[in-house]
Amino acid sequence: MKKRFALAIAASLLFSLHIQAQQPAADADTVIKAVTMAMGTARLRSVQYTGTGSINPTGQAYTTGGAWPRYTVTKYTMSIDFSLPAMRQELIRIDDAKVPRGGGAGGYNPQTFQGGIRPIPGDIIQNNTIDARATNQNAAIQFWLTPHGFLKGIAANMATAKTATVRGKKTLAFTAFGKFPITATIDGNNLIEKVEALVDIAFTGDTVLDGAYTNYRDLDGIRFPMHILMREGGWPVLEVNVAQVSPNAQAAIDAVARATSTPPPAAPAAPAAPPQPVKLADGVWQLVPNGEGSILVEFKDYVVMVEAPGGDAVTAASIAAAQRLTPGKPIKYVVNSHHHADHAGGMRAYVAEGIPIITQESHKKYYEEQIFKNPHTLNPDRLARMPRAPMLEYVKDKRVITDGNQTLEIYLMKDQPHAEGLLMMYLPKSKLLMQADAYIPRPGAPPLPMPSPYTTNLVDNITRLKLDVARVVQIHGGSSPYSEVLTAAGRSVSTN
Ligand SMILES: [Zn+2]
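Quantities reported herein were computed from a predicted structural model and do not represent experimental measurements.

(A) Representation of the environment of Ala155 within the structure. By the element assignment, Ala155 lies in helix 4 (residues 147–156). Take Ala155: its relative accessible area is 49%, and that puts it in the partly exposed class. For the pair Ala155 and Glu307, spaced 152 residues apart in sequence, the C-alpha separation works out to 46 Å.

Below, the structure written as structure tokens:
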């Protein structure tokens, strides 16, 4: 699985190296004209297409370095206005995996009672607007990854346009924003069968996004693929079996206009005050009480940071908070509960500071061969600018850190479906259990049709280890009496 990821990157590098030695823009222009003609792009001002398929939230795999979790898409509509350009994607996904594995539930939404934990009940509406007019580089690259959008992109970037023949197939390529290589592979009928872009993903570094376009249909001279498969890092993120295509549809223009005329959510008038840590027990602070954040545990001569979410900025803020709360005590370890991007994104910045990471042994290969090794040339983070070898220590089932007074116990959650190798952390002195993504409070929501297997597994592990838990602390914010977790797991509250 990891090999596939590595191969995708290697292939992309080969592409760009190969193309550098290739023909100049004049030859590219001839190929662009032929492909534009065959695709009917010049006549395409808008398109709306519908279908069904699947979507896979990234950074939320069950296995470390494995496939993103799959949600079925029961309704999919894409509207593109090429004249702006901007796109509106509207879809309904359902969490219908027989055994849910991995993340991707998103945050808890008090309006819909959805999110927070899997399986998510009901239809999940997920809409987004990709306005490529803005200076938002990601939006433009998303647009250029579409087959007709690629031709618009290369036409607007002719100074960097190149053509080549790779493994017997013609390619067209250009460089977006001076650094992102975008390459299309052309089939024997001059149709675009694949578009590939090398982009920056904060957690994985230089990462390949690609779209494979097949089963083209001729709609009065405009060619459109009836099968779309998008991937990130070699793993699917979206598959659409297109049922209907409407080129030059007013409905597409209207849908994009509605979406782009809706003002974006108002930015807060003043910058939000930095979160104030909350003391959970003697020597224990939740650094971001109402949201995702680290938990600081104080020992006699040092501190331990539990979890490294976010990225460089969150890590810097957490280190500053530790210095204020426990002046003069070094951070001896960062404990990483699991490999999801929202929990591990800040690790690289701790490594840049020379702080060791403790994680589960199943994460070894992914961290050592990808997360701490992938190039970050497109948008160098702190570790890329200050390279340093990571110090990684691995937990199998249990690890204890103690100074005789404060004790932190780290346990593998056996058979936990949220993530392979998920760790939970226990403080026997304060009876606090710190956990990620196995239980999320759902205030106001009716009980789930069935208790989440993620939460029942949390209770099973606490029971198996005979831990005396008073409160459960969520890495995503807040803490709950253990009785609430037992209720969510469908277990009666035992008094002895
Ligand atoms: Zn997770």
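Right, picking up where we left off after that structure.
(B) Quick peek at the coordination of the zinc ion. Looking at the zinc ion, one finds its protein donor set to be His338 (NE2), His340 (ND1), His418 (NE2) and Asp437 (OD), positioned 2.1 to 2.2 Å from the metal centre. For the zinc ion, the 4 donor atoms are set out with angles of 86 to 168° between them, so the coordination reads as irregular. In the primary structure, the donors to the zinc ion are separated according to the pattern H-x1-H-x77-H-x18-D. Of this pair, His338 sits in the loop between strand 16 (331–335) and helix 7 (341–344) while Asp437 sits in the loop between strand 22 (432–435) and helix 11 (453–464); the two residues are 99 residues apart in sequence, bridging distant segments of the chain.

(C) The arrangement of the sheet that holds strand 22 in detail. Read across the sheet, 6 strands follow the order 19-20-21-22-23-24 without closing on themselves; strand pairing throughout is mixed. Among the strands making up the open sheet, the edge pair consists of strand 19 (398–402) and strand 24 (479–481). For this sheet, the mean angle separating the axes of adjacent strands, direction not counted, is 20°. Sheet topology note: the strand 19/strand 20 (residues 407–412) ladder contains 5 bridges and is antiparallel. Pairing of Thr402 across the sheet is with Thr407, part of strand 20.

(D) Region of the structure containing empty space enclosed by the protein. Counted by the stated rule, this structure contains 2 cavities of 30 Å³ or more. Every residue lining the largest cavity is counted, 14 residues in all, and those nearest its centre are Gly65, Gly66, Trp68, Thr204 and Tyr366. Residue composition of the lining of the largest cavity, grouped by class: 6 nonpolar, 8 polar and no charged.

(E) How the structure looks around the pattern of salt bridges. By the definition in use, this model includes 18 salt bridges. Taking the shortest distance from any N to any O, the salt bridge between Arg133 and Asp131 comes out at 2.9 Å.

(F) View of the side chain of Asn461. Relative to the helices and strands, Asn461 resides in helix 11. Those residues in contact with Asn461, other than ones at most four positions away along the chain, are Leu412, Met413, Lys414 and Met424.

(G) Representation of the packing of aromatic side chains within the structure. For the structure shown, the criterion picks out 10 aromatic pairs. Both rings, one in Tyr49 and one in Phe224, keep their centres 4.9 Å apart while their planes meet at 50°; by these two values the pair is tilted. Pair noted here: Tyr49 is in strand 1 (residues 46–55) and Phe224 is in strand 10 (residues 222–232), with a separation of 175 residues, a long-range link. In terms of burial, Tyr49 and Phe224 fall into one category: buried.

(H) Fine view of helix 11. Compared with the 16 Å implied by 1.5 Å per residue over 12 residues, the 16 Å span of helix 11 between its first and last C-alpha is a close match. Elements in contact with the buried residues of helix 11: strand 20, strand 21 (423–427), strand 22 and helix 12 (482–488). The distance from a side-chain oxygen at the start of helix 11 to the backbone nitrogen of Tyr454 is 3.1 Å, and the residue carrying that oxygen is Ser452. In the stretch just after helix 11, Lys466 is the one whose phi turns positive, near 55°.

Cut-offs used in this document
- Residues numbered from 1 in each chain as written.
- Predicted model: local features only at pLDDT ≥ 70, side-chain atom pairs only at ≥ 80, totals over all residues.
- Heavy atoms only, no water.
- Helix = DSSP H or I, 4+ residues; strand = E, 2+ residues; numbered from the N terminus.
- Buried < 20%, exposed > 50% of the residue type's maximum accessible area, 1.4 Å probe, protein only.
- Donors = N, O, S within 2.8 Å, 3.2 Å for Na, K, Ca; no water.
- Tetrahedral: all angles 85-135°; square planar, octahedral: opposite > 155°, others 65-115°.
- Pairing = 2+ DSSP bridges.
- Axes fitted to C-alpha atoms, helices over the stretch in contact; angles between N-to-C directions.
- 1 Å grid on protein atoms, 1.4 Å probe; cavity = no way out; pocket = protein on both sides within 12 Å on 5 of 7 lines; lining within 4 Å.
- Points joined across faces, edges and corners; volume = space filled by probe spheres on them.
- Nonpolar A, V, L, I, M, F, W, Y, C, P; charged D, E, K, R; others polar.
- Salt bridge = Lys/Arg side-chain N within 4 Å of Asp/Glu carboxyl O.
- Contact = heavy atoms within 4.5 Å.
- Phe/Tyr/Trp six-rings, centres within 6.5 Å; stacked < 30°, edge-to-face > 60°.
- Expected span 1.5 Å × (residues − 1).
- Polar contact = N/O pair within 3.5 Å; in protein donor to acceptor, adjacent residues only side chain to side chain.

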